Each structure stands twice: as structure tokens, then as C-alpha cells.
Amino acid sequence: MTERTTILQEVGQAFRENGLTAAITALVGGSLAIAATVTRKAFTNEAMLERLDRELHLERERTDKQRADDRKADADRLERIETDIRAMRDVMFEAFQRGRTD
């Protein structure tokens, strides 16, 4: 298993092995690496949020379209039911009228 070292440990080791210039270089390099990691994370998180926002927008559009289709299907079904009720009412009225004239 590899052992992880901190930036300060690396700077200390570089100072012991190669002197002050190497220690400063290691410190600057480590700081740049940390800055790059933080920047990459920030951009990755921003890109992820944008992607999730797009997906949420598409899901809302899909849901709204599905609701509109469901409302239209319900309205069509209710219209057919009302038509059937009117037809039955007319048939019953006609039968009742025939019964009185006989």
C-alpha cells in the first residue's frame, strides 16, 4: 500500500534533500496543484449543475406534455359519456312519448 504524504512533508523532504530552492519550488508546485484541483472541482460541479438543470427542464416539459395529453383524453372520454347520456335520454323520452299516444 502506498503512503500518502502532505504538501508540508514533501516540502520538508525537498528542503532536506535539495535545499531552499527545491523546497520553494515544491511549495509553489503544491499550491498550484491544489488550486488546479479546486478549480477543476468547481467547474465540474458547475457543469453537473447545468446538466441536472437541463434534465430537470426536459423532465418538466415531458410531464407537462403528458398531463396535457391526459387532460385531452379525459375531456374526450367525458364528451363521449355526455353524448351517450343524451342519446339514452332521447331514447327514453321517445319511448315515454310513444307510451302516452297509444
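Residues numbered from 1 in each chain as written. Predicted model: local features only at pLDDT ≥ 70, side-chain atom pairs only at ≥ 80, totals over all residues. Heavy atoms only, no water.

### Focus on the pattern of salt bridges
Step number 1: The full count for this structure, using the stated rule, is 8 salt bridges.
Step number 2: With a closest N to O distance of 3.9 Å, Arg86 and Glu82 form a salt bridge. Linking Arg86 with Glu82, this pair stays in helix α2 (residues 20-101), spanning 4 residues, or about one helical turn.
Step number 3: Since its relative accessible area comes to 44%, Arg86 is described here as partly exposed. (Salt bridge = Lys/Arg side-chain N within 4 Å of Asp/Glu carboxyl O. Helix = DSSP H or I, 4+ residues; strand = E, 2+ residues; numbered from the N terminus. Buried < 20%, exposed > 50% of the residue type's maximum accessible area, 1.4 Å probe, protein only.)

### So, a nonpolar patch on the surface
Step number 1: Side chains of Ile24, Val28 and Leu32 sit close together on the surface and give an oily, nonpolar patch of about 280 Å² of accessible area.
Step number 2: Counting through the fold element by element, Ile24 comes out in helix α2.
Step number 3: Judged by relative accessible area, which is 47%, Ile24 ranks as partly exposed. (Patch = residues over 30% accessible without salt bridge, like charges linked within 9 Å, V, L, I, M, F, W, Y side chains within 5 Å. Areas by Shrake-Rupley, 256 points an atom, 1.4 Å probe, with all protein chains shown as cover.)

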